[in-house]
Amino acid sequence: MIEILKPQVVWCNCFLSLPLLLEARARGLGALWYIHDSRPSEADLRRANETGILLLAVSHFIAARIRRATGGSCEVVYPLIREQDYLTEREPEGFVTLI
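Residues numbered from 1 in each chain as written. Predicted model: local features only at pLDDT ≥ 70, side-chain atom pairs only at ≥ 80, totals over all residues. Heavy atoms only, no water.

Our next topic: helix H4 (residues 60-70). Residues of H4 that are buried: Ile62, Ala63, Arg65, Ile66, Ala69 and Thr70. Buried residues of H4 fall within an arc of 160 degrees about the axis and therefore sit on the same side. What points out from H4, more than 90 degrees from its buried face, is the exposed set His60, Phe61 and Arg68. Tucked inside the fold, the buried residues of H4 contact strand S2 (30-35), helix H3 (42-50), strand S3 (54-57) and strand S4 (75-76). (Buried < 20%, exposed > 50% of the residue type's maximum accessible area, 1.4 Å probe, protein only. Helix = DSSP H or I, 4+ residues; strand = E, 2+ residues; numbered from the N terminus. Arc of directions from axis to C-beta. Contact = heavy atoms within 4.5 Å.)

Attention shifts here to the pattern of salt bridges. Side chains bearing opposite charge may pair, as long as their charged atoms lie close to each other. Taken as a whole and judged by the stated rule, the model has 4 salt bridges. The closest approach of N and O atoms between Glu23 and Arg27, which form a salt bridge, is 2.6 Å. Judged by its relative accessible area of 40%, Arg27 is partly exposed. The network of salt bridges with common partners includes Glu3, Glu23 and Arg27. (Salt bridge = Lys/Arg side-chain N within 4 Å of Asp/Glu carboxyl O.)

Once that is clear, we can look at the side chain of Thr70. Mapped onto the elements of the fold, Thr70 is located in helix H4. Of the residues examined, Thr70 reaches a relative accessible area of 16% and is grouped as buried. Among the polar contacts made by the side chain of Thr70, one reaches the main-chain amide nitrogen of Gly72 at a distance of 2.9 Å. (Polar contact = N/O pair within 3.5 Å; in protein donor to acceptor, adjacent residues only side chain to side chain.)

Counting 25 residues, the largest nonpolar core has Leu21, Trp33, Ile35, Ile53, Leu55 and Ile66 as the members making the most contacts within it. Looking at this core element by element, the count peaks at 5 residues for S2. (Core = buried A, V, L, I, M, F, W, Y, C linked by side-chain atoms within 4.5 Å.)

Right, let's talk about the sheet that holds S4 for a bit. The strand order across the open sheet built from 4 strands is S1-S2-S3-S4, with neighbouring strands paired in parallel fashion. With one partner strand each, in any of the chains shown, strand S1 (9-12) and S4 form the two edges of the open sheet. Two strands pair when backbone bridges link them, and S1 and S2 are joined in this way by 4 bridges, in the parallel orientation. From the neighbouring strand, Trp11 faces S2, where its bridge partner is Leu32. On the sheet, helix H2 (residues 18-26) packs against S1 and S2 and is oriented at approximately 160 degrees with respect to S2. Here H3 sits on the sheet in contact with S2 and S3, set at roughly 150 degrees to S2. (Pairing = 2+ DSSP bridges. Axes fitted to C-alpha atoms, helices over the stretch in contact; angles between N-to-C directions.)

Fair warning: the whole summary comes from geometry, so function is off the table for now.
What follows is the structure, encoded as structure tokens:
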């Protein structure tokens, strides 16, 4: 896919991103890992940082974990959401289900 699309930067946001991003770096491409949860292992985070993959976090909490694991920097970029996408009608019992 990289040969077909010929990107300058490869951006991934899933916890299985590291192999693709390592391949991008091996080909001399920029690589960015947008991390939105705690699933990536500390070893994977360190390897990504050492390989020159830019690490971005969804929150300050995740960024702090990445900084502790790597000893490097990590900026925060909040996800783009529309508040109305998360508004619900009030239930008489007062329960909310969030997935």
